[in-house]
Amino acid sequence: MASGIEKIKAKLGPNIKSYRKAMRLTQRELSIQADVSEDYIRFLESGRNTPTMAVLGRLADALKVDPHELLM
């Protein structure tokens, strides 16, 4: 059974990627807007990393969504 954090990672990565693609942003462009590295975006989208609350907020702002939408 997956832990809570694993469930979050499983939803978060694909959601970030989906919203990013809907806005026609590259990983690099999103990384610049959210003030994180391009590798960090890649790791988030692949489920290998989880963001802090501050980074989650910056990602949501860059993607023009509420933070909770990235977790649903």
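Residues numbered from 1 in each chain as written. Predicted model: local features only at pLDDT ≥ 70, side-chain atom pairs only at ≥ 80, totals over all residues. Heavy atoms only, no water.

Regarding the pattern of salt bridges
Our working rule: One side-chain nitrogen of Lys or Arg within 4 Å of one carboxyl oxygen of Asp or Glu is enough to make a salt bridge. Helix numbers and strand numbers start at the N terminus; a helix is a DSSP run of H or I with at least 4 residues, a strand a run of E with at least 2.
All told, the structure shown has four salt bridges when counted by the stated rule. Across the pair D39 and R42 runs a salt bridge whose closest N-O atoms are separated by 2.3 Å. Note that D39 and R42 are positioned in helix α3 (residues 38-45) at a spacing of three residues, about one turn of the helix.

What to know about a nonpolar patch on the surface
To keep things clear, this is the line we draw: To count toward a patch, a residue needs a relative accessible area over 30% and no salt bridge; like charges are then connected within 9 Å, while nonpolar side chains (Val, Leu, Ile, Met, Phe, Trp, Tyr) are connected within 5 Å. Exposure was quantified through the Shrake-Rupley algorithm and a 1.4 Å probe, taking into account, for residues, occlusion by the shown protein chains and nothing else. Here the term buried applies to any residue with accessible area under 20% of the maximum for its type, exposed to any over 50%, and partly exposed to those in between, with areas from a 1.4 Å probe on protein chains only.
A contiguous nonpolar surface patch, about 230 Å² in accessible area, is contributed by I5, I8 and L71. Turning to its location among the elements, I5 is positioned in helix α1 (residues 4-22). On the basis of relative accessibility, which here comes to 44%, the residue I5 falls in the partly exposed class.

Quick word on helix α2 (residues 27-34)
The criterion, for reference: Relevant arc is that of directions from the helix axis to the C-beta atoms, nothing else. Two residues qualify as a contact provided that any one of their heavy atoms is within 4.5 Å of a heavy atom in the partner residue.
Q27, L30, S31 and A34 are the residues of α2 that are buried. In an axial view of α2, the angular spread of the buried residues amounts to 100°, which keeps them on one side of the axis. Buried residues along α2 sit in contact with α1, α3 and α4 (53-63).

It is worth stressing that arrangement in space is one thing and function is another; only the former is reported here.
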